[in-house]
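Observations on the model geometry
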2 protein chains.
Amino acid sequence: MSVLCSLFSVLLLPCALRPHPPLPFVPFLLYCILSYILFTLVPVLALLEWFGCHKFRPGKSSLFSSLLSTVNCQRTSVGEHKMAATAASSDNLNDGLTLQMVRDSLIRQEDTIVFSLIERARFPLNSPAYDPSTPGLCASLVEFFVQKTEALQATAGRYENPEEHPFFPDNLPPSLVPHFKYPEVLHPAAMSINMNKVIWDMYFNKLLPLFVAPGDDGNYASTAASDLECLQAISRRIHYGKLVAEVKFRNEQKDYEPPIRAQDRNALASLLTFADVEEAVKKRVAKKAMTFGQEVKLGDNGDKGKYKVDPAVVSGLYGDWVIPLTKEVEIEYLLRRLD
Amino acid sequence: MSVLCSLFSVLLLPCALRPHPPLPFVPFLLYCILSYILFTLVPVLALLEWFGCHKFRPGKSSLFSSLLSTVNCQRTSVGEHKMAATAASSDNLNDGLTLQMVRDSLIRQEDTIVFSLIERARFPLNSPAYDPSTPGLCASLVEFFVQKTEALQATAGRYENPEEHPFFPDNLPPSLVPHFKYPEVLHPAAMSINMNKVIWDMYFNKLLPLFVAPGDDGNYASTAASDLECLQAISRRIHYGKLVAEVKFRNEQKDYEPPIRAQDRNALASLLTFADVEEAVKKRVAKKAMTFGQEVKLGDNGDKGKYKVDPAVVSGLYGDWVIPLTKEVEIEYLLRRLD
């Protein structure tokens, strides 16, 4: 309908534009094109811009701006202006970052990850949510949903917090909420590290099929919202490696400086690896999956052995992906720590 | 800028439209207005429609449709077209609705509510998220966030599911995803029952202050997202009363018909009240708050007595609000059940 209306208008324009005296064909064609740009394209773009910026499109950059100007807002949108202003020298130790704080946060984040997986497991796979050719969306529903939600959360200031990392960092709108001064603890190079592409691929292609039942119950919106919860929880945990690395660097600066100066990944990986701690973490998250995923009943201690998400999947998630990817983030951060 | 461009185009149009032979002033003015509508307004609206429906505006109904036709899409947006088509006569018992299914769902939803409260308690109150005069939003951040998220979830088909109820049902956009045929179990009158205003007020003014710590950590977006999770979980549970009422009505139709015909709320309330079951539910949700809200450690059974959300708050939430409001939904539904 809309395309037909536009075509109708475009075809009628030359009839209305009868220059006096009449022009030969080629100048008349140019005259028509110019008129079309002036009377149709400019108001269309101007109105799209106006509606887009003020009302309609929290998730989109301005079409008009991108056509009429070369200003690139992309980089400020991920909170870079905040992080670039951060000067986290190793002398600045009054920012409240302690090993205990980092450990407590990592342990608390395990609960969030387990809850989010259990909540995702309420729904079957719901494969239509992942169909990349959903009509009218130009992407899968999950991609569309995550992108739009991230844009909305960006307007609510989510990515001002250096612990948060968007999956679609391009063209995020600026925050509309009062600025909050987060403690400046990380080296500015931290902002260049974003592992979310790897996490996205791991989550949808490897993890998801392991813990959701096959089937389709139509709850695509809730499914996409649950996927986003899982993705955000896992992403926050893995990128928390930046804070882990910072606190380890501060506590053992003498050990870390030589491999950083030598840009020696393997030496850094050895310094960061504690096999017994990793084993304990895997056991703990499996225990959390049992505790939080049991059916709690009055009068007994629940259905032992029947869990909403297989504890082995959760400990596998940690062993195969969360721990290695966190280490990757730590190494990437440390390699830049003395820049 | 966009307004200036539009004005510029509008003012230049009469110069381009020089009819041959020249017209007197009034016909020329009409000719200009007609040309303007044809060459500017129609393509603008058509393009807005096209972009609006397919890409840009999850949160808005179609401007073009509302201008060019009198079709009112607002009501269909809450899934009414589906529910109006529902013919849930008491004879139609092949739709899979059973008392056991309803009970299982209610019990599973308790876990979701407890998880969502525990996750909200990760953040302090974060009162700037509730400031009704946030500049640039015309509402509190939470209101803005919930409204926009609901619009986005509506495009992903959330409110096609009769179990889901929006907090801001006005002007929700239509679903863009493949239609899913939910079982038609409820009487069409169910669609007119939405208790979300009461739930919103209860959650923010009464419940929230009971279980979050005072303070401000800047995570307003995450706070708003957690609030929405809590609101949606509580709302789904309370409105599940429609299904509870339907299954009870089917099982004991002879008992329910007289008070329904007499429109006797008190008699219905008595039929729906089982004090011992309610007491058991309150105890079970408190036990869930203890189980899911404990700190799980390896080697011992966790910090007994220290929970992320006070179990008394969760059992109070059920006793004071969830159970009475569910009963309210059941009564409202039953009063309309024979319409």
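For the structure, check the block above.
In this text, all values refer to a predicted model and were calculated from it rather than measured experimentally. (Residues numbered from 1 in each chain as written. Chains lettered and ligands numbered in written order. Predicted model: local features only at pLDDT ≥ 70, side-chain atom pairs only at ≥ 80, totals over all residues. Heavy atoms only, no water.)

**Some words on the overall build of chain A**
Worth spelling out the cut-off: Starting at the N terminus, helices and strands are each numbered in turn, a helix being any DSSP run of H or I of at least four residues and a strand any DSSP run of E of at least two. Exposed residues in this analysis have more than 50% of their type's maximum accessible area, buried residues have under 20%, and partly exposed residues fall in between, with area computed by a 1.4 Å probe over protein chains only. Should any heavy atoms of two residues lie within 4.5 Å, those residues are counted as being in contact.
Of regular secondary structure, chain A possesses 13 helices and 0 strands. Listed N to C, the secondary structure of chain A is α-α-α-α-α-α-α-α-α-α-α-α-α in terms of helices and strands. Burial status across chain A gives 53% buried among its 339 residues. Of the contacts formed within chain A by residues at least 6 apart in sequence, a portion of 74% connects residues at least 24 apart.

**Side note on the packing of aromatic side chains**
So the rule is basically this: Under the pairing criterion, centres of Phe, Tyr and Trp rings, with the six-membered ring standing for Trp, must be within 6.5 Å; the plane angle then separates stacked pairs below 30 degrees from edge-to-face pairs above 60, leaving the rest tilted.
Applying the stated criterion to the full structure yields 17 aromatic pairs over all chains. Within the aromatic cluster, the residues linked to one another by ring pairs are Tyr-130, Phe-167, Phe-168, Trp-200, Tyr-203 and Phe-204 of chain A.

**Let's talk about the pattern of salt bridges**
Applied cut-off: Only one rule defines a salt bridge in this text: a Lys or Arg side-chain nitrogen within 4 Å of an Asp or Glu carboxyl oxygen.
If you walk through the whole model with that rule in mind, you get 38 salt bridges over all chains. Of the charged contacts, one joins Arg-337 of chain A and Glu-246 of chain A as a salt bridge, the two residues approaching to 2.7 Å between their closest N and O atoms. Pair noted here: Arg-337 of chain A is in the segment after helix 13 (311-335) and Glu-246 of chain A is in helix 9 (residues 241-251), with a separation of 91 residues, a long-range link. Take Arg-337 of chain A: its relative accessible area is 4%, and that puts it in the buried class. The closest approach of N and O atoms between Glu-332 of chain B and Arg-265 of chain B, which form a salt bridge, is 2.4 Å. You can see Glu-332 of chain B sitting in helix 13 (residues 311-335) and its partner Arg-265 of chain B sitting in helix 11 (residues 265-272), a full 67 residues away along the chain. By relative accessible area, Glu-332 of chain B is classed as buried at 15%. Judged by relative accessible area, Arg-265 of chain B falls into the partly exposed class, the value being 37%. Linked by salt bridges that have partners in common, Glu-110, Asp-111, Arg-284 and Lys-288 of chain A together with Lys-308 of chain B make up one network.

**Regarding a nonpolar patch on the surface**
Residue and element names in this part refer to chain A. Put simply, the rule is: Patch membership requires more than 30% relative accessible area and the absence of a salt bridge. Residues of like charge join within 9 Å; the nonpolar side chains Val, Leu, Ile, Met, Phe, Trp and Tyr join within 5 Å. Computed with the Shrake-Rupley method and a 1.4 Å probe, the accessible areas treat only the protein chains shown as cover for residues.
Side chains of Phe-25, Val-26, Leu-29, Leu-30 and Ile-33 sit close together on the surface and give an oily, nonpolar patch of about 520 Å² of accessible area. Note that Ile-33 resides in helix 2 (residues 25-56). Residue classification places Ile-33 among the partly exposed residues on the basis of a relative accessible area of 45%.

**Concerning unusual backbone geometry**
A positive phi angle is found at Asn-126 of chain A, which is not glycine, with a value near 55 degrees. Positive phi, close to 60 degrees, is recorded for Asn-171 of chain B, a residue that is not glycine. Here Asn-171 of chain B lies in the loop between helix 6 (141-155) and helix 7 (196-211).

**Here we look at the packing of helix 11 (residues 265-272) of chain A against helix 13 of chain A**
Residues and elements named next belong to chain A. Quick reminder of the rule: Every angle, taken between N-to-C directions, lies between 0 and 180 degrees, and every axis is a line fitted to C-alpha atoms, over only the stretch in contact when it is a helix. Geometric relationships in this document are graded by angle, where less than 35 degrees denotes roughly parallel, more than 145 denotes roughly antiparallel, 65 to 115 denotes roughly perpendicular, and other angles denote oblique. In a left-handed crossing the near helix is turned counterclockwise from the far helix by less than a right angle, and in a right-handed crossing that turn is clockwise. Residues are grouped as follows: nonpolar covers Ala, Val, Leu, Ile, Met, Phe, Trp, Tyr, Cys and Pro; charged covers Asp, Glu, Lys and Arg; every other residue, Gly included, is treated as polar.
Their axes nearest at 10 Å, the elements helix 11 and helix 13 cross at an angle of 125 degrees. Taken together, the axes of helix 11 and helix 13 are oblique relative to one another. You can see that helix 11 and helix 13 cross each other, and the crossing is right-handed. In this structure, helix 11 contributes Arg-265, Leu-268, Ala-269 and Leu-272 to the contact, and helix 13 contributes Lys-327, Glu-328, Glu-330, Ile-331, Glu-332, Leu-334 and Leu-335. Class assignment of the residues belonging to the contact of helix 11 with helix 13 gives a composition of 6 nonpolar, no polar and 5 charged.

**Some words on the nonpolar core**
Under the convention used in this document: Residue types Ala, Val, Leu, Ile, Met, Phe, Trp, Tyr and Cys, when buried and joined through side-chain atoms within 4.5 Å, form a set referred to as a nonpolar core.
Residues Leu-207 and Ile-234 of chain A together with Leu-207 and Ile-234 of chain B are the most contacted members of the largest nonpolar core, which totals 148 residues. For Ile-234 of chain A, the contacting residues outside a window of four places in its chain are Ile-113, Ile-199, Met-202, Tyr-203, Leu-207, Leu-317 and Val-322 of chain A.

**Digging into the environment of Glu-150 of chain B**
Residues and elements named next belong to chain B. Going by this rule: Polar contact is the term for a pair of N or O atoms within 3.5 Å; when the atoms are in protein, one must be able to donate a hydrogen and the other to accept it, and sequence-neighboring residues count only if both atoms are side-chain atoms.
You can see Glu-150 is positioned in helix 6. For the pair Glu-150 and Phe-168, spaced 18 residues apart in the sequence, the C-alpha separation amounts to 7.4 Å. The contact partners of Glu-150, leaving out residues within four places of it in the chain, are Tyr-159, His-165, Pro-166, Phe-167, Phe-168 and Leu-172. Within the local environment of Glu-150, its side chain forms a polar contact with the backbone nitrogen of Phe-167, the two atoms lying 2.6 Å apart.

**Description of the environment of Ala-245 of chain A**
Residues and elements named next belong to chain A. Relative to the elements of secondary structure, Ala-245 occurs in helix 9. Considered as a pair, Ala-245 and Leu-152 are 93 residues apart in the sequence and their alpha carbons are 30 Å apart. Excluding residues within four positions of it along the chain, Ala-245 makes contact with Glu-330, Tyr-333 and Leu-334.

**Side note on helix 12 (residues 275-293) of chain A**
Just so we agree on the cut-off: Here the expected length of a helix is defined as 1.5 Å per residue gap, with one fewer gap than residues.
With 19 residues, helix 12 of chain A should reach 27 Å at 1.5 Å per residue; the first-to-last C-alpha distance of 27 Å fits that figure. Here helix 12 of chain A has its buried residues at Glu-278, Val-281, Arg-284, Val-285, Ala-286, Lys-288, Ala-289, Thr-291, Phe-292 and Gly-293 of chain A. For helix 12 of chain A, the elements touching its buried residues are helix 5 (99-120) and helix 13 of chain A together with helix 5 (99-120) and helix 12 (275-293) of chain B.

**A few points about the state of the cysteines**
Rules: In this description, a disulfide is simply a cysteine sulfur pair whose atoms lie within 2.5 Å.
Counted according to the given criterion, the structure contains 0 disulfides over all chains. Between Cys-230 of chain B, a cysteine without a disulfide, and Cys-230 of chain A, which holds the nearest cysteine sulfur, the sulfur-to-sulfur distance is 17 Å.

**Points about the side chain of His-165 of chain B**
Residues and elements named next belong to chain B. Tracing the backbone through its elements, the reader meets His-165 in the loop between helix 6 and helix 7. Within the local environment of His-165, its side chain forms a polar contact with the side chain of Lys-242, the two groups lying 2.7 Å apart. Other than its neighbours up to four places away in sequence, His-165 contacts Glu-150, Tyr-159, Ile-193, Asn-194, Asn-196, Ser-235, His-239 and Lys-242.

So yeah, pure geometry; function would need other evidence.
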